[in-house]
Amino acid sequence: MTPRDDRAASPHPPDPGRPRADAPDGKATVVDCSGLSKSFGGVRALDDASLSASLGEVHALVGENGAGKSTLIKALGGRLRPDAGTIRVNGNPVTLAAPPDAHRLGIWTVFQELTLLPWLSVAENLLIRREPRGRMGLIDRRRTERRAEELLAGFGIAHIDPLALIEDLSLAARQIVEIVRAISHDPEVLLLDEPTSSLVEREVVWLFGQIRRLRGHGTCVIFTSHRWNEIRDIADRITVFRGGRHVGTFREIDQSDAVVLMTGRRVEALYPTLPKLPAPLPALEARAVAGRGVGGVSFTLHAGEVLGVGGLAGHGHRELFLLLFGAQRMTAGTLLAHGQTVRLHSPRDAMRRGVGLALVPEDRKTEGLLLAMSIRDNLTLSILRRITRFGVLRKPRERRLAQDMAARLRVRMPGLSAPVGALSGGNQQKVLIGRWLLAEPRVLLLYDVTRGVDVATKHELYELVMQLAASGHAILLYSSDAEELAHLSHRVLVMREGRIAAEMAAPGITAEAIVAAAVRDTAESEALIKVAVP
Amino acid sequence: MSATTAGAARRPRWSHLLGQNAGLALAAGLLALSIVVYCTIYYLAQRRFPGGFELTTTLNNTMPLVLAGVAQSIVVLTRGIDLSVGGVIDLTNGLAAISLGDSAAGMLAGSLLVLAVGALCGLLNGVLIAYGRLQPIIVTLATLSIYQGIAIRVLPEPGGEVPAAYTAVLANTRGPVSLVYLLLIVAFWACFRRTALGVGLYAVGNDASAAQANGVAVRRTQIAAYVLSGVFAATAGLFMAATSTAGDATTGNGYTLRSIVAVVLGGVNLFGGRGSPVGAVFGALVSAMIVNILFFSQIDPLYQSFFEGLFLVIAVLLTGGISRFMRRGA
């Protein structure tokens with residue numbers, strides 16, 4: 001999608017009161033909830049929310065982080081009980097006190113935070129509470145394994161070993177197991193909360209194939225996503241949520257109109273303009289660096305430049321970023337920071353003054369933030385040495401630095417001493433970036449920082465990246481969203497199998513070109529481009 | 001959708017099973033090692049290898065710890081801990097000494113009463129933890145004292161009487177009957193692991209919230225775990241009554257910590273979800289072997305506790321290192 005400047009410039013936001021799309025013709029409403037409210041502490045997650053979905057339709061739920069989508073899905077899946085309101089299934093009011101209540105009604109859910117048991121096998125997870133029984137009514141483990149193998153094969157999954165422990169699977173494979181488990185119950189209503197957040201393109205193609213098949217069989221599929229392309233690709237109707245309320249349901253709505261409804265304000269063109277490149281001054285130079293998963297990568301990143309790194313997941317991006325940050329061993333090659341050869345044995349080396357690297361990782365929950373600690377503590381964690389005197393924290397200085405950074409990044413928060421875990425995903429990401437900015441790095445390695453972040457926050461993060469580049473920071477940017485890379489980078493390196501397969505320079509970088517360069521096989525690339533860039 | 005890994009050779013089944021039961025395998029290895037060391041030291045001291053008599057006495061003396069270890073491990077698997085194991089042993093041991101009748105029916109009735117009291121103790125723990133939403137460590141620390149207190153009330157002085165026939169069945173000194181009980185424990189667990197409740201124990205220990213989302217009745221499973229723990233602790237109390245032919249309401253006091261040691265040596269993860277009570281059986285036998293080894297090494301009994309601790313640290317470091325190595329190799 002290109003920035004819709006024409007839309008952004010239109011004087012009136014679309015009228016949320018325009019006629020609601022009714023259920024598709026001849027299709028029976030299966031889920032109908034109204035007046036749902038739910039509060040956590042003082043926060044209203046659902047506020048008189050309603051939703052209606054029919055058999056044989058794919059219904060997308062969109063909204064910013066914290067709009068109440070996940071809470072609604074949990075209420076429908078029996079994971080939490082709403083404080084008020086009614087849920088009707090096939091016209092009958094129901095109480096969903098626990099997941100089995102939903103299961104009995106044919107409602108199965110893929111929750112955003114997966115519900116797999118890590119130290120049990122794929123087979124045990126897929127067939128939990130319906131394991132094949134053998135002698136004396138005891139579980140027959142061999143038959144359980146065979147049944148799981150058949151199940152996976154039936155869904156066209158050949159690469160997941162039913163005997164493997166969940167803990168040993170990649171995030172994407174876990175997501176697939178969770179999806180297969182829900183679909184294998186032949187649901188009448190399938191709820192998918194951010195099912196694609198950890199999938200790569202080819203897996204999204206697979207999931208959408210499954211969703212279309214279910215729709216053909218008359219299943220009602222309700223899903224949430226932050227990726228507009230996916231929504232447009234597959235949803236029959238789109239319901240917009242804001243602040244825990246239903247804003248509108250539409251058969252057709254384009255992204256900029258939806259964004260206005262989701263945010264309640266107008267977002268200017270999604271992608272900001274790239275700052276001009278200053279005279280080239282190398283900040284980070286890799287010469288044939290290699291390590292686990294990385295096979296001889298060379299590039300030069302200049303001050304003030306955004307260098308995009310693209311390609312399909314699992315082709316060495318993550319390893320390259322960890323290697324550049326000293327978190328993974330470099331087995332060959334040379335690394336130069338600001339013209340000086342450096343040897344990085346640990347992230348500590350990478351953060352040293354003369355090097356000045358910072359890595360913002362993708363999984364903010366496990367790789368960076370201390371969720372139970374305050375926003376202030378999280379922000380100042382990387383500069384403790386600078387704000388202590390004789391080992392004692394200088395509180396006022398800490399507070400001032402944290403306050404300034406939170407304001408600069410526009411972190412929406414109840415206060416600096418609130419726990420980071422209470423913030424929405426996008427704001428957590430800002431805190432993590434803020435921590436690294438306080439360390440005053442000169443080179444930023446940003447690894448998929450906008451994944452799972454809502455549109456408005458994405459826009460803010462994009463502007464932040466541009467500001468940082470304009471102020472002379474060198475930025476290496478990996479994103480699983482090719483569209484994002486195409487718009488935010490001065491140059492893009494496409495990685496395939498641990499090497500750089502292509503390099504492109506702005507202007508004229510397109511998402512299609514990035515995806516095409518990432519895969520070799522042309523037939524496959526066409527299928528992928530259809531999903532990634534409709 | 002599997003272009004990168006389609007058709008890749010799968011790891012064989014045994015390799016998966018070994019990986020998933022690494023704790024159990026290591027505990028078995030540790031037991032084998034400790035038996036070899038014990039036999040060597042025994043031979044050096046006695047100029048002969050230990051025989052049937054040594055086997056019988058060792059097993060009879062270790063059975064209570066084996067049972068306490070099983071009791072503890074079932075709760076640990078659910079990510080809990082049962083500090084009241086020692087208190088339940090005190091109480092059931094004291095009760096056994098005054099309630100076992102002389103007739104076969106009397107012995108059976110007395111035994112069932114003792115087991116029922118153990119189950120009741122576990123039920124109280126489980127209900128407080130599952131419905132009272134209290135920390136297992138605090139609940140069972142409190143009930144440990146409570147059960148110890150009741151035990152003293154039941155049997156104020158060591159004594160009472162255990163029929164000789166009872167001892168002959170449970171703690172026969174003429175042959176290693178306890179081997180049968182060990183096999184029964186293994187058989188029990190092999191079956192139990194293949195029931196919905198058995199899977200539920202692991203599910204709750206893996207991730208209680210995910211287990212709940214999968215339709216596992218988390219609270220009932222927790223309660224069942226503590227009840228089972230109480231029953232196994234009660235069998236430990238019965239065994240001790242049988243071996244000593246009398247009761248002592250303080251005899252179980254050391255068993256809380258020793259059962260945790262057995263669980264750790266048995267490769268059961270203290271954070272739940274991984275391991276097996278069979279491992280705890282091995283762990284209990286290993287700690288018995290350590291005591292035997294110390295005895296035959298003619299180490300001053302004053303230092304026994306010191307060396308037991310030392311061996312525990314070494315064993316845990318060893319198994320931890322090996323399992324990390326195994327995971328990396330996998």
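Conventions used here
Residues numbered from 1 in each chain as written. Chains lettered and ligands numbered in written order. Predicted model: local features only at pLDDT ≥ 70, side-chain atom pairs only at ≥ 80, totals over all residues. Helix = DSSP H or I, 4+ residues; strand = E, 2+ residues; numbered from the N terminus. Rg over C-alpha atoms; globule rule 2.2 N^0.38 Å. Buried ≥ 20, exposed ≤ 12 C-beta atoms within 10 Å, placed from the backbone. Contact = placed C-beta atoms within 7 Å. Domains from an automatic or database assignment. Nonpolar A, V, L, I, M, F, W, Y, C, P; charged D, E, K, R; others polar. Core = buried A, V, L, I, M, F, W, Y, C linked by C-beta atoms within 7 Å. pLDDT = per-residue confidence, 0-100. Pairing = 2+ DSSP bridges. Axes fitted to C-alpha atoms, helices over the stretch in contact; angles between N-to-C directions. Parallel < 35°, antiparallel > 145°, perpendicular 65-115°, else oblique. Left-handed = near helix turned anticlockwise from the far one by under 90°.

So, about the overall build of chain B. A count of helical and extended segments in chain B gives 14 helices and 0 strands. For chain B, the sequential pattern of α-helices and β-strands runs α-α-α-α-α-α-α-α-α-α-α-α-α-α. Scaling as 2.2 N^0.38, a compact globule of 330 residues should have a C-alpha radius of gyration of about 20 Å, and chain B matches this with 21 Å. In terms of overall dimensions, chain B has a C-alpha envelope of 75 × 55 × 35 Å along the principal axes. Residues classed as buried in chain B amount to 50% of the 330 residues present. Intrachain contacts of chain B at a sequence separation of at least 6 include 81% that bridge at least 24 residues.

All right, on to the overall build of chain A then. Counting its secondary structure elements, chain A contains 18 helices and 22 strands. A buried classification covers 49% of the 534 residues belonging to chain A.

A few words now on the domain arrangement of chain A. The parts lose accessible area when they come together, and the size of an interface is often stated as this lost area. Residue and element names in this part refer to chain A. Partitioning chain A into domains gives domain 1 (282–356 + 442–532) and domain 2 (369–440). On a C-alpha basis, the centroid separation for the pair domain 1 and domain 2 is 26 Å. Contacts between the two partners involve 9 residues from domain 1 and, on the opposite side, 8 residues from domain 2. Per-element tally for the side of domain 1 that touches domain 2: the top contributor is helix α15 (residues 455–470), with 3 residues. A class-by-class count of the residues in the side of domain 1 that touches domain 2 yields 5 nonpolar, 2 polar and 2 charged.

A separate point is the interface of chain A and chain B. Contact with chain A, which involves 27 residues of that partner, is made by 27 residues of chain B. Contributing elements (two or more residues each) for the side of chain A that touches chain B: α3 (99–104) and α7 (201–216) of chain A. Its residues assigned to classes, the side of chain A that touches chain B comprises 16 nonpolar, 6 polar and 5 charged.

All names here are of chain A. Take I475: it is sitting in strand β20 (residues 474–478). Here I475 falls in the buried class, since 23 other C-beta atoms lie within 10 Å of it. Along the chain, I475 and G308 lie 167 residues apart, while their C-alpha atoms are 8.3 Å from each other. Each residue touching I475, except ones within four places of it in the same chain, is listed here: V306, L307, L444, L446, V465, L468 and A469.

This paragraph deals with the nonpolar core. Judged by nonpolar contacts, the single largest core of 253 residues is most densely connected at A:L76, A:V360, A:L445, A:I475, A:L477, A:I514 and B:A236. For this core, the element with the highest residue contribution is helix α11 (residues 218–244) of chain B, accounting for 16 residues. The residues that make up this core include at least three from each of domain 1 (282–356 + 442–532) and domain 2 (369–440) of chain A. With residues near it in sequence (within four places) discarded, B:A236 still touches B:P64, B:L67, B:A68, B:A71, B:I89 and B:Y255.

A few words on the confidence of the model for chain B. Residues and elements named next belong to chain B. Averaged over every residue, the pLDDT of chain B is 91; residues scoring 70 or more account for 96%. With pLDDT under 50 throughout, residues 1–7 is counted as low confidence; its partners more than four residues away or in other chains account for 10 contacts. Scored as a complex, the prediction yields pTM 0.79 and ipTM 0.93.

Below, the discussion takes up the sheet that holds strand β15 (residues 340–342) of chain A. Residues and elements named next belong to chain A. Taken together, the 4 strands give an open sheet; going across it, the order is β12-β11-β14-β15, and neighbouring strands pair in antiparallel fashion. Only two strands of the sheet have a single neighbouring strand rather than two, namely β12 (294–302) and β15. Each strand of the sheet is rotated relative to its neighbour by a mean of 15°, with strand direction disregarded. As paired elements, strand β14 (residues 330–337) and β15 share 3 bridges and run antiparallel to each other. Residue pairing in the sheet places A337 in a bridge with Q340 of β15. Helix-sheet contacts for helix α10 (residues 317–324) involve β11 (282–291), β12 and β14, and the interaxial angle to β12 is about 65°.

Two pairing modes exist for strands in a sheet, parallel and antiparallel, and in both the strands are linked by backbone hydrogen bonds. Residues and elements named next belong to chain A. Within the open sheet, the 6 strands sit side by side as β16-β19-β20-β13-β21-β22. Their pairing is mixed. Each end of this open sheet is capped by a strand with a single partner; those strands are β16 (357–360) and β22 (499–505). Strand after strand, the sheet turns through a mean of 20° between neighbouring axes, direction not considered. Each of β13 (306–310), β21 (491–496) and β22 touches helix α17 (residues 511–518); the most contacted strand, β21, lies at about 25° to it.

Right, let's talk about the environment of B:V231 for a bit. Residues and elements named next belong to chain B. With respect to the helices and strands, V231 occurs in helix α11. Taking the C-alpha atoms as reference points, V231 and L294, 63 residues apart in sequence, are found 32 Å from one another. Apart from the residues within four sequence positions on either side, V231 is in contact with L115, G118, A119 and G122.

Our next topic: the pairing of strand β10 (residues 245–250) of chain A. Residues and elements named next belong to chain A. Within β10, 5 of the 6 residues are buried, which leaves the element mostly enclosed by the surrounding structure. Bridge count between strand β9 (residues 237–242) and β10: 5 bridges; the pairing is antiparallel. Following the sheet pairing, V240 is matched in β10 by G248. Between the antiparallel neighbours β9 and β10 lie 2 residues, among them G243 with a positive phi of about 55°.

How two helices sit against one another is set out by the angle between their axes and by the gap between those axes. All names here are of chain B. At a minimum axis distance of 9 Å, the contact between helix α2 (residues 22–46) and helix α13 (residues 277–296) shows a crossing angle of 20°. Taken together, the axes of α2 and α13 lie roughly parallel to each other. The handedness of the crossing between α2 and α13 is left-handed. Counted by class, the contact of α2 with α13 contains 19 nonpolar, 5 polar and no charged residues.

Quick look at the packing of helix α13 (residues 395–408) of chain A against helix α14 (residues 425–438) of chain A now. All names here are of chain A. Interhelical geometry of α13 versus α14 gives an angle of 125° and a closest axis separation of 10 Å. If you check the angle between α13 and α14, you find them oblique. Crossing angle aside, the handedness with which α13 passes α14 is right-handed. Between α13, through L401, M405 and A406, and α14, the contact on the second element is made entirely by G434, L437 and L438.

As a further point, take unusual backbone geometry. All names here are of chain A. Positive phi, close to 55°, is recorded for D48, a residue that is not glycine. When you line up the elements, D48 lands in strand β2 (residues 43–54). By the C-beta count within 10 Å, which is 14 here, D48 ends up partly exposed. Phi at E440 takes a positive value of approximately 55°, unusual for a residue other than glycine. Judged by the 13 C-beta atoms lying within 10 Å of it, E440 is partly exposed.

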